[in-house]
Amino acid sequence: QLTLPEIQTDANYTFVYDYTDLAGNSMQKQIHELTLDREKPEGTVTVDSLVNGAASKVWNRLLNLISFGYFGKDSVTATLTGMDETAGVAAMQYLISKQPLKKDDLTKKAAKDWTNYTKPVKISADQQLVVYEKLTDCAGNIQYISSDGIVVDNTDPVPTVEITPTTPKWGK
């Protein structure tokens, strides 16, 4: 029986050992690797082609309050990043929602609701949305990140003018 030392620090460990009994019988050198990772992965959601304020905005956490205060005209592009120093990132996925979602809502979403992220996502006009990122590291830790609310609108406004009173009280 092999007893390993107690491990407290998140890291990748390699244990190498061999054994020879009292009769001189030995076994080949054994190598065992172990990763201890209790930290969630980190990442960002970046949205480009915004028309108010900066042209690009980066978020790195799940927002509790969504304001729908960012605007794009014809389309915007969402780019995701993910990293995990210890175990590495196993999956980077995204979900585009028309309404704000809480962490509980995100954890209840089925696997089919999430899309594997492979390249920047172009989001077309005439919708309001929130971009959610789900990062899973190789140890199974999950992190959720969101953009704030984004309104993408390329519909020209149609002003209406109403004159009151409709009949002037002076002249003809």
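Residues numbered from 1 in each chain as written. Predicted model: local features only at pLDDT ≥ 70, side-chain atom pairs only at ≥ 80, totals over all residues. Heavy atoms only, no water.

*Asks:* So, the overall build of the protein: which residues are in play, and what are the values?
*Replies:* In terms of helices and strands, the protein carries one helix and 11 strands. Counting from the amino terminus, helix and strand elements in the protein follow one another as β-β-β-β-β-β-α-β-β-β-β-β. Over its C-alpha trace the protein gives a radius of gyration of 27 Å, far above what one expects of a compact globule, namely 16 Å for 172 residues. The principal-axis extents of the C-alpha atoms in the protein amount to approximately 125 × 30 × 25 Å. Looking at the protein residue by residue over its 172 residues, the buried ones come to 31%. Expressed as a percentage of contacts within the protein between residues at least 6 apart in sequence, the contacts between residues at least 24 apart total 64%. Of the roughly 11900 Å² of accessible surface on the protein, 50% is carried by carbon and sulfur atoms. (Helix = DSSP H or I, 4+ residues; strand = E, 2+ residues; numbered from the N terminus. Rg over C-alpha atoms; globule rule 2.2 N^0.38 Å. Buried < 20%, exposed > 50% of the residue type's maximum accessible area, 1.4 Å probe, protein only. Contact = heavy atoms within 4.5 Å. Areas by Shrake-Rupley, 256 points an atom, 1.4 Å probe, with all protein chains shown as cover.)

*Asks:* So, the nonpolar core: which residues are in play, and what are the values?
*Replies:* Residues V47, V76, L106, I123, V131 and Y132 are the most contacted members of the largest nonpolar core, which totals 30 residues. The leading source of residues in this core is strand β9 (residues 127–137), at five residues. Look past the residues within four positions of I123 in its chain and what remains in contact with it is S75, V76, A78, I96, L129, V131 and V152. (Core = buried A, V, L, I, M, F, W, Y, C linked by side-chain atoms within 4.5 Å.)

*Asks:* Could you give an account of the pairing of strand β8 (residues 121–124), naming the residues involved and the relevant values?
*Replies:* Because side chains alternate across β8, one face comprises the buried residues V121 and I123, and the other comprises K122 and S124, none of which is buried. Examined bridge by bridge, strand β5 (residues 70–83) and β8 share four bridges and lie antiparallel to one another. Looking at β8, one finds that A78 is bridged to V121. (Pairing = 2+ DSSP bridges.)

*Asks:* With reference to specific residues and values, describe the pairing of strand β3 (residues 42–50).
*Replies:* The pairing of β3 with β5 spans eight bridges and is classified as antiparallel. Looking at the pairing, T44 lines up with T81 of β5. In this structure, β3 lies alongside strand β4 (residues 56–59), joined through four bridges in antiparallel fashion. Each residue of the ladder has a partner; that of T46, found in β4, is V58. As consecutive antiparallel partners, β3 and β4 are separated by five residues, and within that stretch G53 has a phi angle of approximately 70 degrees, a positive value.

*Asks:* An account of the environment of K103 is needed here, citing residue identities and associated values.
*Replies:* Examined against the element boundaries, K103 turns out to sit in helix α1 (residues 103–108). C-alpha separation for the pair K103 and T9, spaced 94 residues apart in sequence, amounts to 28 Å. Each residue touching K103, except ones within four places of it in the same chain, is listed here: K40, L62 and Y144.

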